[in-house]
Amino acid sequence: MKHSHDFTPDTLNIHHAPVGMNDRIALGVVKTMRVFADRFFAKRYGHRAVVLETVAAVPGMVGGLLQHLRAIRHIRDDQGWIKELIEEADNERMHLMTFIQIAQPSRLERTLIMVAQAVFYNLYFFLYLLAPKTAHRVVGYLYEEAVISYTHYLEEIDSGRVENVPAPQIALKYWNLPSTARLRDVVIVVRADEAHHRDTNHHFANQIAKGAHS
C-alpha cells in the first residue's frame, strides 16, 4: 500500500475529539504510551520510529484476522475491511524494515522490539475481540501521534540536527522514489501513510458506533 495523498496542514493534523468514556480512555492510553516514548527516546526519532512501527504493524493483522473470522462465522460480506486492514499491517511492516536500515538498532533495542510486539499483540487481540470500536479508536489515536512524531522528525532533519542521509534501497523500491531520494523524502511518504491509516481507523470506529458494521 503506497499512499500518495496530498495532505494539507489542515488535513494532516486532524484530531478526532473523543466522544464518550471509551474514546477518552483510548486517547488516555495512547497519550500515556507517548509519555514513555518521549522519556525513553527523547529526540532519537529513528529509533523511536523502529519501536513505533513494531507496534503499529500489529493492529491491522489482528483486526484483519478477527474480521475474517467474523465474516465467515456470520456468512456476510466484510465491506472491504479485511483487505484494508491486512494492507495496513503490510504497509507498517515496510515502515519497520525501512527504519531498521536507517536507525540500525542495538541488540538491546531489538529485544525491546520483540517484547513490545509480544505484549501489544496480546493486549490488542483481546481488546479487538471484546471492543472492536475502542480498538480502532486506540489505533486512530496511535496514528495521530505517529503523524506528530514524524513531523518533529522532519523538523530535526530540516534544522540539520539529524543528517539527511540517502534513502535505503528498500524505501526507493517500495514507494517508487527517485534514486536521489533522502531520509526527508522517506519521512514525508511514511507520514502520509500514517495519516491515511489514522483516518481509516477512526472511520471504522465510527461505522461500528453507528451499527453500520457489526
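The structure displayed is predicted, hence computed values, not measured ones. Within every chain, residues take consecutive numbers counted from 1 along the sequence as written. pLDDT decides what is reported in this predicted model: residues at 70 or higher carry local features, side-chain atom pairs at 80 or more are listed and counted, and totals for whole chains, interfaces and linings draw on all residues regardless. Side-chain numbers here rest on the full set of heavy atoms in the structure, without hydrogens or water.

### Considerations on the overall build of the chain
Logical step 1: Of the regular secondary structure elements, the chain holds eight helices and zero strands.
Logical step 2: Put simply, DSSP marks the helices as runs of H or I at least four residues long and the strands as runs of E at least two long, and each gets a number from the N terminus on. Starting at the N terminus and walking to the C terminus, you meet the elements of the chain as α-α-α-α-α-α-α-α.
Logical step 3: Just to be clear, the radius of gyration here is over C-alpha atoms, and the globule rule we use is 2.2 Å times residues to the power 0.38. Over its C-alpha trace the chain gives a radius of gyration of 17 Å, about what one expects of a compact globule, namely 17 Å for 214 residues.
Logical step 4: C-alpha atoms of the chain, sized along the principal axes, occupy 50 × 35 × 35 Å.
Logical step 5: Whether a residue is buried, partly exposed or exposed follows from its accessible area with a 1.4 Å probe, protein chains only, as a fraction of its type maximum: under 20%, in between, or over 50%, in that order. In the chain, buried positions account for 50% of the 214 residues.
Logical step 6: Within the chain, counting contacts between residues at least 6 apart in sequence, those at least 24 apart form 79% of the total.
Logical step 7: Of the roughly 10800 Å² of accessible surface on the chain, 61% is carried by carbon and sulfur atoms.
Logical step 8: Two residue types count as positive, namely Lys and Arg, and two as negative, namely Asp and Glu; His and chain ends fall outside the count. The location of each charge is read from NZ of Lys, CZ of Arg, CG of Asp or CD of Glu. Considering the chain, the positive charge centre built from 24 side chains and the negative charge centre built from 23 side chains are found 5 Å apart. By the convention used here, residues are in contact when the closest approach between their heavy atoms is within 4.5 Å. Accessible areas in this description were obtained via Shrake-Rupley with a 1.4 Å probe; residue shielding takes into account the shown protein chains only.

### Quick word on the packing of helix α5 (residues 107–130) against helix α6 (residues 132–159)
Logical step 1: Interhelical geometry of α5 versus α6 gives an angle of 130 degrees and a closest axis separation of 5 Å. With respect to their mutual orientation, α5 and α6 come out oblique. Residue-level inspection shows Tyr-124, Leu-127, Tyr-128 and Leu-130 of α5 in contact with α6, the latter providing Pro-132, Thr-134, Ala-135, His-136, Val-138 and Val-139.
Logical step 2: Lys, Arg, Asp and Glu make up the charged group, whereas Ala, Val, Leu, Ile, Met, Phe, Trp, Tyr, Cys and Pro make up the nonpolar group; the residues left over, Gly among them, are polar. In the contact of α5 with α6, the residues fall into eight nonpolar, two polar and no charged. Note on geometry: axes are C-alpha line fits, over the in-contact stretch for helices, and angles between N-to-C directions span 0 to 180 degrees. The scheme is simple: roughly parallel for angles under 35 degrees, roughly antiparallel for over 145, roughly perpendicular for 65 to 115, oblique for anything else.

### Things to note about the nonpolar core
Looking at soluble globular proteins, one finds that nonpolar side chains tend to be buried together.
Logical step 1: Here, nonpolar core refers to any group of buried Ala, Val, Leu, Ile, Met, Phe, Trp, Tyr and Cys residues whose side-chain atoms link them within 4.5 Å. By size, the foremost hydrophobic cluster in this structure holds 45 residues, and its most contacted members are Phe-99, Tyr-150, Tyr-153 and Val-187.
Logical step 2: When residues of this core are traced back to their parent elements, those giving at least two are α3 (45–74), α4 (81–103), α5, α6, α7 (169–174) and α8 (183–210).
Logical step 3: Apart from residues no more than four positions distant in its own chain, Val-187 is found in contact with Phe-99, Tyr-150, Tyr-153, Leu-154 and Ile-157.
Logical step 4: In this structure, Ala-26, Leu-27, Val-30 and Val-138 belong to the second largest nonpolar core, which totals five residues.

### A few points about the pattern of salt bridges
Logical step 1: For salt bridges, the criterion is a side-chain nitrogen of Lys or Arg within 4 Å of an Asp or Glu carboxyl oxygen. Throughout the structure, instances matching the rule amount to eight salt bridges.
Logical step 2: One salt bridge connects Arg-184 with Asp-158, and the closest N-O pair in it is separated by 2.6 Å. Taken together, the positions of Arg-184 in helix α8 and Asp-158 in helix α6 put the pair 26 residues apart, joining distant regions of the chain.
Logical step 3: The salt bridge partner of Asp-199 is Arg-198, with a shortest N-O separation of 2.8 Å.

### Considering the environment of Gln-169
Logical step 1: By the element assignment, Gln-169 lies in helix α7.
Logical step 2: The class for Gln-169 is exposed, based on a relative accessible area of 62%.

### A closer look at the packing of aromatic side chains
Logical step 1: Between 30 and 60 degrees the pair is tilted, below 30 it is stacked and above 60 it is edge-to-face, where a pair is any two Phe, Tyr or Trp rings, Trp via its six-membered ring, whose centres lie within 6.5 Å. All chains considered together, the criterion is met by nine aromatic pairs.
Logical step 2: Centroid distance Tyr-150 to Tyr-153: 6.5 Å. Interplanar angle 20 degrees. Geometry classified as stacked. Remark: Tyr-153 and Tyr-150 occur in helix α6; sequence separation between them is three residues, near one turn of the helix. The two residues Tyr-150 and Tyr-153 agree in class, both being buried.
Logical step 3: Taken together, the aromatic side chains of Phe-99, Tyr-150 and Tyr-153 make up a single cluster linked through ring pairs.

### Section: α4
Logical step 1: Expected span, for any helix, means 1.5 Å times one less than how many residues it has. Between its first and last C-alpha, α4 extends 32 Å over 23 residues, near the 33 Å set by a 1.5 Å rise per residue.
Logical step 2: Gln-104 lies just past α4 and shows a positive phi near 50 degrees.

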